[in-house]
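If you want the building blocks of each chain, they are given just below.
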Amino acid sequence: FSRIKQLTAYKKGLLIYILVLLLLFVGSQIVIWTFLSSYQNGLSEHYAKNYIADIDENAWKTILKDELYGSEFQAIETDVDLAYAAYFKGKSLTCRRSPTESKGGVDVFKVKNDELMLCTLTVEKNGSGAYNMPRWSVLELSLDKAFLDTVNPEVTLYAPCNSKVSINGVSVAGDRLK
C-alpha cells in the first residue's frame, strides 16, 4: 500500500504532462466554442430569425394597427385581432434573405407564414462584436402590400335600387353606393 503512494519521477512527469494537455484541450474547446458562437451571432440570418421570433402578440398587433387601413364600418382593433388570429397566431414564421435586395451592409428578409408573405425586415450592420464579427440592428419592418390587401380587401356589394344597406350597424348611403 505504501508503494502506491510513492510515485516515481517518470509517473509524476507523465501525470503533469497529461494534466497540461487536458487543460490545453479544454481551453482550446472554450475558445472554439466562443468563436463559433460569435460567428453565428454575427450572421444577419441568425439575427433576423431571432428578432422575428422575439416579437410577441402585442408587438405584432401594434405593427398591424399602424399599417392597417380601417374603415368606419368596423373598429380597427377588430381588424387587428382578426388579422393577428388569421395570419400570426400559432403560425410558424420563416425568415429568408433576399439576395437581390440585400446590398452592402444592409440585408433584406422576407417573412412568411405557411402560406403568405407577411412582411419585409431590413437589417443593417451596426458595428462589430467579439472576434470582430458584425452586429446587426433593425432598419425597418414593414408589412407587405399584398398581405395588407388580403387583410383589408375591397368589397363590392350589389343590392337592389333604393335598398338600405348597413354594415355592422353603420348605414351605407350617398356617393358610396353606385
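Residues numbered from 1 in each chain as written. Predicted model: local features only at pLDDT ≥ 70, side-chain atom pairs only at ≥ 80, totals over all residues. Heavy atoms only, no water.

Is there a simple way to think about the overall build of the chain in this case?
Of the regular secondary structure elements, the chain holds 6 helices and 6 strands. For the chain, the N- to C-terminal ordering of α and β elements is α-α-α-α-α-β-β-β-β-α-β-β. For 178 residues, the compact-globule estimate of 2.2 N^0.38 gives 16 Å, and the chain exceeds it by more than 25% at 30 Å. Going through the 178 residues of the chain one by one, you find that 26% of them count as buried. The contacts in the chain between residues at least 6 apart in sequence include a share of 47% that link residues at least 24 apart. Per element, the accessible surface of the chain, about 12800 Å² overall, is 58% carbon and sulfur. Once the 20 positive and 20 negative side-chain charges of the chain are each reduced to a mean point, those two points are 16 Å apart. (Helix = DSSP H or I, 4+ residues; strand = E, 2+ residues; numbered from the N terminus. Rg over C-alpha atoms; globule rule 2.2 N^0.38 Å. Buried < 20%, exposed > 50% of the residue type's maximum accessible area, 1.4 Å probe, protein only. Contact = heavy atoms within 4.5 Å. Areas by Shrake-Rupley, 256 points an atom, 1.4 Å probe, with all protein chains shown as cover. Lys, Arg positive; Asp, Glu negative; His and termini not counted. Charge placed at Lys NZ, Arg CZ, Asp CG, Glu CD.)

Mind showing me how you'd approach unusual backbone geometry here?
Glycine aside, negative phi is the norm for most residues, and most peptide bonds take the trans geometry. The phi dihedral of N132 is positive, around 60°, even though this residue is not glycine. Within the secondary structure, N132 is located in the loop between β3 (117-128) and β4 (134-143).

Looking at this model, I keep getting lost on the packing of helix α4 (residues 57-67) against helix α5 (residues 76-87). Mind explaining?
Each pair of packed helices can be described by the angle between their axes along with the distance between the axes. One can describe the packing of α4 onto α5 by two numbers: an axis separation of 9 Å at closest approach and a directional angle of 125°. One element, α4, and the other, α5, form an angle in the oblique class. Relative to α5, α4 is oriented so that their crossing is right-handed. Here E57, W60, K61, L64 and K65 of α4 lie close against α5, whose contacting residues are I76, E77, V80, D81, A83 and Y84. Its residues assigned to classes, the contact of α4 with α5 comprises 6 nonpolar, no polar and 5 charged. (Axes fitted to C-alpha atoms, helices over the stretch in contact; angles between N-to-C directions. Parallel < 35°, antiparallel > 145°, perpendicular 65-115°, else oblique. Left-handed = near helix turned anticlockwise from the far one by under 90°. Nonpolar A, V, L, I, M, F, W, Y, C, P; charged D, E, K, R; others polar.)

So what exactly am I meant to see when it comes to the pattern of salt bridges here?
Pairing is possible between side chains that carry opposite charge, provided their charged atoms lie close to one another. Following the criterion strictly, the structure yields 7 salt bridges and no others. Ionic pairing is found between K61 and E57, a salt bridge with its closest N-O pair at 2.9 Å. Of this pair, K61 and E57 both sit in helix α4, 4 residues apart, roughly one helical turn. For D149, the salt bridge is made with K145, and the minimal N-O distance between the two is 3.0 Å. Highlighted residues: D149 and K145, both in helix α6 (residues 145-151), separated by 4 residues, approximately one helical turn. Take K145: its relative accessible area is 59%, and that puts it in the exposed class. (Salt bridge = Lys/Arg side-chain N within 4 Å of Asp/Glu carboxyl O.)

Explanation requested: a nonpolar patch on the surface in the structure shown.
Residues Y10, L14, I16, Y17, I18, V20, L21 and L24 make up a contiguous nonpolar surface patch of about 850 Å² in total accessible area. Along the chain, Y17 falls in helix α2 (residues 9-41). When its relative accessible area of 52% is taken as the criterion, Y17 is described as exposed. (Patch = residues over 30% accessible without salt bridge, like charges linked within 9 Å, V, L, I, M, F, W, Y side chains within 5 Å.)

Help me understand the pairing of strand β2 (residues 106-112) in this model?
Where a strand is regular, its side chains alternate between the two sheet faces. Sheet topology places strand β1 (residues 94-97) next to β2; 4 bridges connect them, and they run antiparallel. Along β2, the bridge assignment pairs R97 with F109. With 7 bridges connecting them, β2 and β3 associate as antiparallel partners. Its bridge partner being in β3, D107 is matched across the sheet by V123. Between the antiparallel neighbours β2 and β3 lie 4 residues. (Pairing = 2+ DSSP bridges.)

Just to check I follow, could you spell out the packing of aromatic side chains for this structure?
To describe a pair of aromatic rings, one takes the distance between the centres and the angle between the planes. In total, this model carries 6 aromatic pairs according to the counting rule given. Relative to F147, the ring of Y87 lies with its centre 5.1 Å away and its plane at 90°, an arrangement referred to as edge-to-face. Here Y87 is found in helix α5, whereas its partner F147 is found in helix α6, with 60 residues between them in sequence. Taking relative accessible area as the criterion, F147 reaches 0% and is therefore assigned buried. A connected cluster of aromatic rings, assembled from ring pairs, spans W60, Y84, Y87, F88 and F147. (Phe/Tyr/Trp six-rings, centres within 6.5 Å; stacked < 30°, edge-to-face > 60°.)

I tried to follow the nonpolar core on my own but got confused; where do I start?
Note that soluble globular proteins tend to have their nonpolar side chains buried in a common cluster. By size, the foremost hydrophobic cluster in this structure holds 26 residues, and its most contacted members are I52, W60, L64, F88, L121, L141 and F147. Going through the elements one at a time, α3 (44-54), α4, α5, β2, β3, β4 and α6 are the ones with two or more residues in this core. Sequence-distant contacts of F88, that is, excluding residues within four places in its chain, are made with W60, L64, A83, L93, L118 and F147. (Core = buried A, V, L, I, M, F, W, Y, C linked by side-chain atoms within 4.5 Å.)

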